[in-house]
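A closer look at the structure
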Amino acid sequence: MVGMERGRIRLGTVAGIPVGAHWSVLAIFGLITIILGASILPGAVPGRSPIAYWFVAGAGSVIFLGSLLVHELAHALVALKYGVGVRRITLWLLGGVAELTENPRTPKSDFRIAVVGPLASLAIAVVALIAAYVAHPWIDTLLVAMLIWISLVNLIIAVFNMLPGAPLDGGRVLRAFLWKRTGDRERASEMAATAGRFLGFIFIGLGIMRMGFGQFGGLWLLLIGGFMLMAAHAESEATKLRRRLAGVRVSDVMSRRFDVAPAWWPVEQVLANTTTGHRVVPVVSATGTPVGVVNIADLARLDPHVRMRATIADVSRPLPADAIVGVADELVDVLNRIEDVDAIFVVDRGAVVGVLTSEQLFGRPGL
Ligand SMILES: [Zn+2]
């Protein structure tokens, strides 16, 4: 999700994947707690104290968010199993999202990464129902009602996510199926995105109808429909880009004009010798091997004394592994990495031979 970086609270790391929440998740937490505490629980088990209702509603809301996280983790872990990187998992206003760093390479892995999320939600629904059934003689009826609600809502999540349109899991399943049948991943993506647009319009239509009848829940459908339209659009734009870039190598588009900062040079000497205006410059060893990066603006801000005396090695930052690509790599495979790094350095037989920056590729500075 673009823009999810800001306002993101880091919760921890699971299997090396950063797990976080966007502040907008508080809206779900509040809404679910209110719906449970003010309506569903008092309706199912009347005559309890308000404190009991709110306490169990709060706990139900936390378990609900936990079950969203399990759904996303299921996607992420299967992705890792198929060698597809996972950038991060984030909970936000409309649920959870597991961001993959690249596309699955086969229809089979595409299918399995997608289908395991709804399966995880289905499994939670079954476990919560069994827990409610087994524990009901011993635990408070309010807790039993909450467990049954958890079961129901996870069943709804499983079914909703299997609707066949991108960006829903069902859309990915549809894409994998079409990809397998036609052998054309891009065409399959385009069709799944079209189905997603169609679903988005249906949700918006249903949302407007419900709002017309004075039902607040219609707003939720409008939000989901709007999000699906946007995501389906982004999906088809990405597909068009992939199609246009098919067969284009990194070496075809990289800039061969780039500055380097030899690690042993004084900072001042590098500043005096930069000519390209690139913001980020690779630090190289005597053999031309990239060993770090420096930001030219940061160097210029250093005290003049430091600039004269310190060497580049003293002020260089480590080079992220994602910032290096081979000269023969396909451009589409490295494009989305530019979101995570300031510049990508193109290496041939160990030495830097070119550079890719977001300014150069998209005509705008990176994030
Ligand atoms: Zn999912």
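Just so it is clear, the structure is predicted and the values come from calculations on it, not from any experiment.

1. Quick notes on the sheet that holds strand 10 (residues 351-357)
In space, the 3 strands of this open sheet follow the order 8-9-10, with mixed pairing throughout. Looking at the sheet topology across the chains shown, the edges are occupied by strand 8 (324-326) and strand 10. With direction set aside, neighbouring strand axes in the sheet form an average angle of 35°. Relative to strand 10, strand 9 (residues 343-348) is paired through 6 bridges, and the arrangement is antiparallel. What sits directly across from Ile344, in strand 10, is Leu356.

2. Some details on the packing of aromatic side chains
One pair of aromatic rings is described through two measures. These are the centre distance and the angle between the planes. Following the criterion strictly, the structure yields 3 aromatic pairs and no others. Ring geometry for Phe64 and Trp149: centres 5.9 Å apart, planes at 50°, overall tilted. Of this pair, Phe64 sits in helix 2 (residues 50-81) while Trp149 sits in helix 4 (residues 141-161), placing them 85 residues apart in sequence. Here Phe64 and Trp149 have matching classes, each one buried.

3. Thoughts on the UniProt feature "domain: CBS" (unreviewed entry) in the protein
UniProt's entry tags residues 250-302 with the feature "domain: CBS" (unreviewed entry), counted in the numbering of this structure. Strand forms 25% of residues 250-302 and helix 30%; the C-alpha atoms that close the span are 34 Å apart.

4. Comments concerning unusual backbone geometry
The amide bond that connects Ala166 to the next residue, Pro167, takes the cis arrangement and shows omega of 10°. Phi at Arg349 takes a positive value of approximately 45°, unusual for a residue other than glycine. You can see Arg349 is positioned in the loop between strand 9 and strand 10.

About the thresholds
- Residues numbered from 1 in each chain as written.
- Predicted model: local features only at pLDDT ≥ 70, side-chain atom pairs only at ≥ 80, totals over all residues.
- Heavy atoms only, no water.
- Pairing = 2+ DSSP bridges.
- Helix = DSSP H or I, 4+ residues; strand = E, 2+ residues; numbered from the N terminus.
- Axes fitted to C-alpha atoms, helices over the stretch in contact; angles between N-to-C directions.
- Phe/Tyr/Trp six-rings, centres within 6.5 Å; stacked < 30°, edge-to-face > 60°.
- Buried < 20%, exposed > 50% of the residue type's maximum accessible area, 1.4 Å probe, protein only.
- UniProt positions renumbered as here; feature names shortened; annotations may be inferred.

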